[in-house]
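# Residue-level structure breakdown
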Number of protein chains: 2
Amino acid sequence: MFNKKIAIIGSGNVASHLAEVFFEQKLDVTEIYSRNTEEAEKIATAFRIPLVKNLKDVGKNADIIFLAVSDDAIEEVCNNLSCTDKIIAHCSGIANTELLKVCTNNYACFYPLQTFTKNHKVDFSQIPILITASNSETENILKDLANKISLKVAVISDIQRQKLHLSAVIVNNFTNHLFTLSSNYLAKNNIDFDYLKPLIQETVNKISAKNPKENQTGPAKRNDIKTIEKHFSLIEDEDLLEIYRILTKSIYNTHND
Amino acid sequence: MFNKKIAIIGSGNVASHLAEVFFEQKLDVTEIYSRNTEEAEKIATAFRIPLVKNLKDVGKNADIIFLAVSDDAIEEVCNNLSCTDKIIAHCSGIANTELLKVCTNNYACFYPLQTFTKNHKVDFSQIPILITASNSETENILKDLANKISLKVAVISDIQRQKLHLSAVIVNNFTNHLFTLSSNYLAKNNIDFDYLKPLIQETVNKISAKNPKENQTGPAKRNDIKTIEKHFSLIEDEDLLEIYRILTKSIYNTHND
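First things first, this report covers the structure right here in the doc. For every chain, the first residue of the written sequence is number 1, and numbering continues from 1 onward in sequence order. Written order decides the labels, with chains lettered from A and ligands numbered from 1. The model is predicted, so local features are restricted to residues of pLDDT at least 70 and side-chain atom pairs to those at 80 or more, both for listing and for counting; the totals for chains, interfaces and linings are taken over all residues. Calculated side-chain values reflect all of the structure's heavy atoms, with hydrogen atoms and water omitted.

On to the overall build of chain A. Looking only at helices and strands, chain A has nine helices and seven strands in total. Taking the principal axes of its C-alpha atoms as reference, chain A extends roughly 70 × 40 × 30 Å. Three exposure classes are used, based on accessible area relative to the maximum for each residue type with a 1.4 Å probe and protein chains only: buried under 20%, partly exposed in between, and exposed over 50%. In chain A, which comprises 257 residues, the proportion classed as buried is 56%. Whether two residues are in contact is decided by their heavy atoms: any pair within 4.5 Å suffices. In chain A, the proportion of contacts linking residues at least 24 apart, taken out of those at least 6 apart, comes to 56%. Note on areas: these come from Shrake-Rupley sampling with a 1.4 Å probe, and a residue is covered only by the protein chains present in the view. Of the roughly 11,200 Å² that chain A leaves accessible, carbon and sulfur atoms contribute 45%. In this tally Asp and Glu are treated as negative and Lys and Arg as positive; neither His nor the chain ends contributes. One atom stands in for each charge, and that atom is NZ of Lys, CZ of Arg, CG of Asp or CD of Glu. Looking at chain A, you have 29 positive and 32 negative side-chain charges, and the mean spots of the two groups are 4 Å apart. Here a strand is any run of E in DSSP of at least two residues, a helix any run of H or I of at least four, and the numbering for each starts at the N terminus.

On to the relation of the copies chain A and chain B, then. For the least-squares superposition of copies, only C-alpha atoms count, and only for residues with pLDDT at least 70 in both. Superposition record for chain A on chain B: RMSD 0.0 Å, screw rotation 180°, translation along axis 0.0 Å. In the structure described here, the two chain copies are related by an operation that fits a two-fold rotation axis. The position closest to the rotation axis in chain A is occupied by the C-alpha of A:Thr175, lying 2.8 Å away. With an isologous cut-off of 70% or more, the 100% of interface residues of chain A that recur at the interface of chain B puts this contact in the isologous class.

Moving on, we come to the interface of chain A and chain B. Where interface size is given, it is often the accessible area lost as the parts come together that is meant. Contacts between the two partners involve 85 residues from chain A and, on the opposite side, 85 residues from chain B. Of the roughly 8,400 Å² buried where chain A meets chain B, counting both sides, 66% is carbon and sulfur surface. Every case where a carboxyl oxygen of Asp or Glu lies within 4 Å of a side-chain nitrogen of Lys or Arg is listed as a salt bridge. Across the contact surface, chain A and chain B share two salt bridges. Of the charged contacts, one joins A:Lys249 and B:Glu242 as a salt bridge, the two residues approaching to 3.3 Å between their closest N and O atoms. Looking at the side of chain A that touches chain B, the elements with two or more residues in it are α5 (158-188), α6 (197-209), α7 (212-215), α8 (225-234) and α9 (238-255) of chain A. Per-element accounting of the side of chain A that touches chain B gives the leading share, 27 residues, to α5(A). For the side of chain A that touches chain B, the residue count by class is 39 nonpolar, 33 polar and 13 charged. Buried area: the accessible area, evaluated with a 1.4 Å probe, that two parts lose upon being put together, summed over both parts. Just so you know the grouping, Ala, Val, Leu, Ile, Met, Phe, Trp, Tyr, Cys and Pro go in nonpolar, Asp, Glu, Lys and Arg go in charged, and all remaining residues, Gly too, go in polar.

This part covers the pattern of salt bridges. The final tally for this structure, using the stated rule, is 20 salt bridges over all chains. Overlapping salt bridges bring together A:Glu20, A:Glu24 and A:Lys121 as one network.

Throughout this description, the term nonpolar core refers to a set of buried Ala, Val, Leu, Ile, Met, Phe, Trp, Tyr and Cys residues connected via side-chain atoms within 4.5 Å. By size, the foremost hydrophobic cluster in this structure holds 70 residues, and its most contacted members are A:Leu178, A:Leu196, B:Leu178 and B:Leu196. Leaving out residues up to four positions away in the same chain, B:Leu196 has contacts with A:Leu113, A:Leu164, A:Ser167, A:Ala168, A:Val171, B:Ser182 and B:Leu186.

All names here are of chain B. Take Glu139: it is sitting in helix α4 (residues 136-149). Taking the C-alpha atoms as reference, Glu139 lies 9.7 Å from Ile87; in sequence the two are 52 residues apart. Setting aside its immediate chain neighbours within four residues, Glu139 contacts Ala133 and Val155.

Hydrogen bonding along the main chain pairs the strands of a sheet, whether they run parallel or antiparallel. Residue and element names in this part refer to chain A. In this description, strands pair whenever DSSP reports at least two bridges between them. Taken in spatial order, the seven strands line up as β2-β1-β3-β4-β5-β6-β7 in an open sheet, and their pairing is mixed. Only two strands of the sheet have a single neighbouring strand rather than two, namely β2 (28-33) and β7 (153-155). Mean inter-strand twist for the sheet, computed between neighbouring axes without regard to direction, equals 25°. Sheet analysis places strand β1 (residues 5-9) next to β2, joined by five bridges and oriented parallel. Residue pairing in the sheet places Ala7 in a bridge with Glu31 of β2. Between the N-to-C directions of two axes lies an angle of 0 to 180 degrees, each axis being a line fitted to C-alpha atoms and, for a helix, fitted only over the stretch in contact. Its contacts with the sheet put helix α1 (residues 13-24) on β1, β2, β3 (64-67) and β5 (107-112), and the angle it makes with β1 is roughly 155°.

All right, on to the pairing of strand β3 (residues 64-67) of chain B then. All names here are of chain B. Across the two faces of β3 the burial is the same, with Ile64 and Phe66 and Ile65 and Leu67 all buried. For β3 and strand β4 (residues 87-90), the ladder comprises four bridges, and the chain directions are parallel. Bridge assignment links Leu67 to a residue of β4, and that residue is His90. Considered for its hand, the β-α-β crossover made up of β3, helix α3 (residues 71-79) and β4 is right-handed. When the strands point away from the viewer, a crossover counts as right-handed if the path from the first strand over the helix to the second runs clockwise.

Structure, rendered in structure tokens:
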């Protein structure tokens with residue numbers, strides 16, 4: 001049984017999803033605080049968590065304080081917390097854990113590697129939770145907690161997590177932007193983006209079977225100049241043209257060493 | 001009932017998947033030919049299709065001839081077919097249908113918008129089939145056939161199909177290349193690419209609910225210079241750095257007009 005008491009600071013996507021999964025797993029969340037009182041109240045009500053109205057009062061009843069706030073806010077919130085020997089963990093992929101050193105010796109990062117959207121349910125058991133901790137006791141407590149909500153828990157260093165965060169930006173933000181560019185291009189040409197959805201799904205299905213390099217197909221890989229030039233002639237937007245050119249060059253270089 | 005006889009020229013991914021779905025739907029495929037006799041024989045055996053050994057003999061027993069060959073081969077194969085009044089359709093996203101005019105007046109494109117891998121089953125009913133035809137009789141026959149195997153059949157022009165093909169390259173080839181870049185980057189740093197798979201799946205799940213522009217998140221969109229500079233410092237590869245820079249600029253421009 002996991003019997004530590006948990007406080008959550010924050011009311012954004014990560015805060016609300018953590019509150020939800022902790023609630024579902026019947027974990028003991030004793031406090032929530034956010035400078036956005038309205039949003040904090042919604043989470044407090046939905047998951048029956050006592051709302052704390054003053055940052056200075058946070059953590060009085062908790063063993064672990066989650067700092068589920070934006071990267072920029074971590075330092076400021078930390079400086080305004082009462083100093084403590086409790087565990088304080090941020091949830092950022094990119095921030096150093098040492099940022100939290102000013103508050104406690106038991107600092108950590110508890111990073112759920114997923115893109116969260118409010119009111120959009122995800123299966124937490126499949127989300128990797130990556131833990132970095134300042135000492136082994138903190139690490140063990142957070143691992144126990146993570147194992148309650150996910151099947152994919154690992155301990156990694158700050159630098160490894162930051163490299164994963166960079167990779168997450170590539171496969172999530174950049175990929176989604178390619179979808180946006182296609183969607184905008186097709187909309188301008190009165191063609192339905194929905195035609196591409198089965199292809200997009202299959203692109204992802206394929207990475208469960210083989211590594212992405214083996215799955216690569218298309219004109220750039222086989223240096224099909226005729227098709228590439230035809231595509232060039234179909235693009236008006238300068239940004240899209242530059243992206244097309246650079247990704248085509250990179251695919252060619254990757255597969256024709 | 002669809003009672004036209006079908007011939008298939010080709011033995012690659014599209015040819016074998018068409019042969020399979022026609023077989024499953026009990027359509028009458030009377031011939032298969034490929035210059036790669038070995039591959040053609042495999043398909044002929046698997047789906048009980050008579051094998052034709054000479055290109056000049058193809059189409060004698062068929063009403064519709066599918067040219068499921070590589071883009072480069074379409075013209076050459078076409079020039080070596082006996083001229084005919086049968087329907088001849090290529091399956092290319094990018095080739096003009098008029099290429100086939102030298103063979104017949106009843107020419108067309110029958111384009112299944114999907115990425116096919118041999119021995120990897122896909123659900124054909126969900127694959128858009130996009131038809132371009134030289135006349136309405138040809139169009140109607142191909143629509144009837146397409147409706148036997150897919151729920152998503154549409155008639156579009158050559159130029160629209162070519163624009164879709166360009167978009168398919170963006171969302172499939174370019175997206176997969178971003179996966180490859182991440183995978184290579186993580187491998188170099190001894191980090192498991194599997195950590196990213198739930199995120200990749202969720203990135204795709206989100207486009208069924210909202211359009212991709214609304215789903216965009218991340219440091220580029222919110223102009224989070226601190227995170228972007230941290231990422232820069234974590235990339236050594238010049239190609240990846242250029243791609244990161246250009247996609248970040250494009251995301252920023254798209255969302256901050």
